[in-house]
Amino acid sequence: MNFNAARALAIALKEVRHILRDPFTLALGLGLPLLLLLMFGFIIDLNYGDIGLKVQDQDHTRLSREFARTFSSSGYFRLEPFSSEIAPVSWLDSEKASGVLVIKENFGRHIKSGRQGEAQLLLDGADNSKTGVVLSYLAGIMDAANRKFAQTPPRNSPEIRTRFLFNQELSSRWFIVPALATVIIGLLGVLLTAMTVAREWENGSMELLLSTPVRPLEIVAGKLLPYFALSLTGTVTVYLAARLVFGVPFNGSRIVYWTACSVFITAALAQGLLISVVARQQRLAMQLSMISGLLPAFLLSGFIFPVESMPVFFRYFTMILSPRWFMEISRGVFLKGAGFMELARPLSALLAINTVLITLAVKKFKTDIEP
Amino acid sequence: MQTAAAGIKLESVTKTLGKTRALDAVSLDFKGGLLHGIIGPNGAGKTTLLRILAGLLHPDSGAVRFSRGGAQIPFGDIRPEIAYFPQEPSLYPDLSCAEHLEFFRDLYQLPRAEFAQKSEALLHLARLEKFRNRRAGQLSGGMYKKLGLICVLLHAPEILLLDEPTIGVDPVSRRELWDLMHDFSAGRMTIIMSTSYMDEAERCARVQLLENGKLLAGGEPGALLEKLGAASFEKVFLREGK
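Residues numbered from 1 in each chain as written. Chains lettered and ligands numbered in written order. Predicted model: local features only at pLDDT ≥ 70, side-chain atom pairs only at ≥ 80, totals over all residues. Heavy atoms only, no water.

Tallying secondary structure elements over chain B gives eight helices and ten strands in all. Against the globule reference of 18 Å for 242 residues, chain B gives a C-alpha radius of gyration of 18 Å, in line with a compact fold. Within chain B, buried positions represent 53% of all 242 residues. Taking the contacts inside chain B whose residues are at least 6 apart along the sequence as the reference set, 68% of them involve residues at least 24 apart. Surface exposure of chain B reaches about 10,600 Å², of which carbon and sulfur atoms provide 50%. A gap of 2 Å separates the mean positions of the 30 positive and 29 negative side-chain charges of chain B. (Helix = DSSP H or I, 4+ residues; strand = E, 2+ residues; numbered from the N terminus. Rg over C-alpha atoms; globule rule 2.2 N^0.38 Å. Buried < 20%, exposed > 50% of the residue type's maximum accessible area, 1.4 Å probe, protein only. Contact = heavy atoms within 4.5 Å. Areas by Shrake-Rupley, 256 points an atom, 1.4 Å probe, with all protein chains shown as cover. Lys, Arg positive; Asp, Glu negative; His and termini not counted. Charge placed at Lys NZ, Arg CZ, Asp CG, Glu CD.)

Residues and elements named next belong to chain A. Under the criterion given, the structure shown has 27 salt bridges over all chains. Note that K14 and E200 form a salt bridge whose closest N and O atoms lie 2.6 Å from each other. Of the two residues, K14 sits in helix α1 (residues 5–21) while E200 sits in helix α7 (residues 172–202), which places them 186 residues apart along the sequence. Of the two residues, K14 and E200, neither departs from the other in class, the shared state being buried. Of the charged contacts, one joins R62 and E66 as a salt bridge, the two residues approaching to 3.1 Å between their closest N and O atoms. You can see R62 and its partner E66 sitting in helix α3 (residues 62–73), four residues apart, about one turn around the helix. Using a relative accessible area of 52% as the deciding quantity, one classes R62 as exposed. Through salt bridges with shared partners, a single ionic network connects K14, E15, E200 and K223. (Salt bridge = Lys/Arg side-chain N within 4 Å of Asp/Glu carboxyl O.)

Now for the packing of aromatic side chains. Across all of its chains, the model carries 20 aromatic pairs over all chains by this definition. Here a set of aromatic residues connected by ring pairs shows up, and it is made of Y239(A), F250(A), Y257(A), W258(A), F264(A), F326(A) and F334(A). Directly above the aromatic system of W201(A) lies the positively charged group of R280(A), at a separation of 3.9 Å from the ring centroid. Above the ring of Y197(B), the side-chain terminus of R174(B) is found at 4.0 Å from the ring centroid. (Phe/Tyr/Trp six-rings, centres within 6.5 Å; stacked < 30°, edge-to-face > 60°. Lys NZ or Arg CZ within 6 Å of the ring centre and 35° of its normal.)

Residues and elements named next belong to chain B. If you trace the backbone, H100 turns up in helix α3 (residues 97–108). Taking relative accessible area as the criterion, H100 reaches 0% and is therefore assigned buried. When neighbours within four sequence positions are excluded, H100 is seen to be in contact with L91, Y92, L95, A136, L147 and C151.

All names here are of chain A. Of note, S72 is situated in helix α3. Overall, S72 belongs to the partly exposed group, its relative accessible area being 30%. For S72 and K223, which are 151 residues apart along the polypeptide, the C-alpha to C-alpha distance reads 57 Å. Not counting chain neighbours up to four residues away, the residues in contact with S72 comprise F77 and L79. At 3.0 Å, the side chain of S72 forms a polar contact with the backbone oxygen of R69. (Polar contact = N/O pair within 3.5 Å; in protein donor to acceptor, adjacent residues only side chain to side chain.)

Attention now moves to helix α2 (residues 23–43) of chain A. Since the α-helix packs 3.6 residues into each turn, any two residues three or four apart lie on the same face. Along α2(A), the largest kink reaches about 45° and is centred on G31(A); proline P33(A) follows within four residues of it. Regarding α2(A), the residues found buried are T25(A), L28(A), G29(A), P33(A), L36(A), L37(A), F40(A) and G41(A). (Bend = angle between axes of the 7 residues up to and from the residue.)

Turning next to the sheet that holds strand β8 (residues 190–195) of chain B. All names here are of chain B. Read from one edge to the other, the open sheet built from six strands follows the order β6-β7-β8-β3-β9-β10, with strand pairing classed as mixed. In this open sheet, the two edge strands, each paired with only one partner strand, are β6 (82–85) and β10 (214–219). Strand-to-strand, the axes of this sheet are offset by a mean angle of 15°, without reference to chain direction. (Pairing = 2+ DSSP bridges. Axes fitted to C-alpha atoms, helices over the stretch in contact; angles between N-to-C directions.)

Okay, the environment of L13(A) next. Residue and element names in this part refer to chain A. Considering the arrangement of structural elements, one finds L13 in helix α1. Residue L13 is classed as partly exposed on the basis of its relative accessible area, which comes to 36%. Residues L13 and A97, spaced 84 residues apart in sequence, show a C-alpha to C-alpha distance of 58 Å.

Attention now goes to the interface of chain A and chain B. Interface size is commonly expressed as the accessible area that is lost once the parts come together. Listed by partner, the interface residues are 24 residues for chain A and 30 residues for chain B. Carbon and sulfur atoms make up 57% of the surface buried where chain A meets chain B, a total of about 2,500 Å² over both sides. Scanning the region where chain A abuts chain B turns up five salt bridges. Here K15(B) and E370(A) are joined by a salt bridge, their closest N and O atoms 2.8 Å apart. (Buried area = accessible area lost by both parts, 1.4 Å probe.)

Residues and elements named next belong to chain A. Strand order in the open sheet formed by four strands is β2-β1-β3-β4, with mixed pairing between adjacent strands. Both outer strands of the open sheet, β2 (77–81) and β4 (119–123), are each paired with one neighbouring strand and no more. Direction aside, neighbouring strands of the sheet carry axes that sit 25° apart on average. Examined bridge by bridge, strand β1 (residues 51–57) and β2 share five bridges and lie parallel to one another. Across the sheet, residue I51 finds its bridge partner in β2, namely F77.

What follows is about the packing of helix α10 (residues 254–279) of chain A against helix α14 (residues 344–364) of chain A. All names here are of chain A. Relative to each other, α10 and α14 sit at 25°, their axes nearing to 8 Å. Classified by the angle between their axes, α10 and α14 sit roughly parallel to one another. Read as a crossing pair, α10 and α14 show a hand that is left-handed. Residue-level contacts link A260, V263, F264, T266, A267, A270, Q271, L274, V277 and V278 of α10 to L347, L350, L351, N354, L357, I358, L360, A361 and K364 of α14. For the contact of α10 with α14, a count of residues per class yields 15 nonpolar, three polar and one charged. (Parallel < 35°, antiparallel > 145°, perpendicular 65-115°, else oblique. Left-handed = near helix turned anticlockwise from the far one by under 90°. Nonpolar A, V, L, I, M, F, W, Y, C, P; charged D, E, K, R; others polar.)

Below, the discussion takes up the packing of α10(A) against helix α11 (residues 282–299) of chain A. Residue and element names in this part refer to chain A. Running from N to C, α10 and α11 point in directions that differ by 145°, and their axes come no closer than 9 Å. In terms of crossing hand, the pair formed by α10 and α11 is right-handed. Within the contact between the two elements, α10 uses Q271, I275 and A279 and α11 uses L284, A285, L288, S289, S292 and G293. Residue composition of the contact of α10 with α11, grouped by class: five nonpolar, four polar and no charged.

All quantities given are derived from atomic positions and should not be read as evidence of function.
In structure tokens, the structure reads:
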């Protein structure tokens, strides 16, 4: 196959001029990544830090007050006492509180006499994700309360001490922000190139272009190059924001990370190009790229749902999707400091996907205008 | 010694697009180095014919043969020598005249020095010097066509295919376009252009009359009219239409 680099560069230069003159593309390439990162970084926070908890203390003893304090001193709850005339459930009905703690009468007396004190925690089961988190906090709080109220030091019993590696604070931002890079590149890359070839078909320039000596591989390479630079700039922005705004630690090698980024960006761009080549219409290309870019990146990459817990079909299906592999790399490098050796599998998978997508885009690229 | 520009021979070329038979067993001979006009009303098959010559469409049956000085040339070898400017807008509205010329310079890999000299000459001929920095989307219809023409002329093609270059162009610009083509043909170039303006037929060295995908007649304009016994080509088509 004869490939002329000068002609590919001519296409690239032309594309750069299109990009610089099209505010929409520029905004998409540079602004969207940052916007998405800031939005998702702040909104998707799976640690609930300020949960409003209404407290009805029917006991009014030192012990009952101390028990309520265990909740507030955990740092997760903001206590708001209320009088006994109001029905506890009404707070949940009106969504004025995420939970209601009712400390029953004789709570203090029972504890003092060595029996169990009774308290009730009402949670809003309609908000499943929040309730799940609260329940996990509850275990720790009960632990603290038991220690506080135990009359005698605990007997020697087996104890599990859990230490979380790589993300000691179990901060969901540390977990989400590196993953967001995957979603952003995966979506953006596909969107950016999906328009380019379809646009040439729509505005008639393809007919003129195809009558020149330029070859499909040169057009594909020439179109990949500038969008690669644009996407990489967007990715660097995301990386800097992750580090500086969200304080996510970076434990891995930068060479590994940026190599993997480059491979993943190319895969996303190639996917967009393939769509553009096949669709020939901007609107269709836009729709196809939204579906094929957004869905895998969000739902099938392990971003929200872990790949291991997917049904068997989807577990294998995700293997042909580049976001799934980059997700593994991104989280591995950021938090675990994984190197080339540990990431050989996802990296080679990305390379294989790349090769297939680019080959398909070139093969499907028609050198005539036959319908 | 300079051999004449390549000629093209069509042998019973048939092409169906959708349900329409766009070309129906068309056989004709485009002699090298001449200005050929393909004349016919809308829907006659002119665009399909030019697209087939440019290699953008492939005939269902029949053959297109290129030859120079009696020797046949495979399409792959002649393709870089063919220039084609479509009827529909096909330039980039956001690129300027100068940027279009640079783009075509790179696609055809012209040496910089040669390009500098040629592009100036072409801009001058087309009277576009003052508009070199204007974007194609902001050019008038006539200037747009002239820009397209000089872009494809830049690499001095042997065969120039123009699909209705004068349509939607004011009379002065039409005149300029014709002058451009005459200046460039002069034996060094085979020009094949389509037009639905019958009065333009007389400016061509040879004309081919096309209607409903069929070739009606062909030859030198004067001799052809005489042979058909008509005062003008318009009358020929009006008669045929009845």
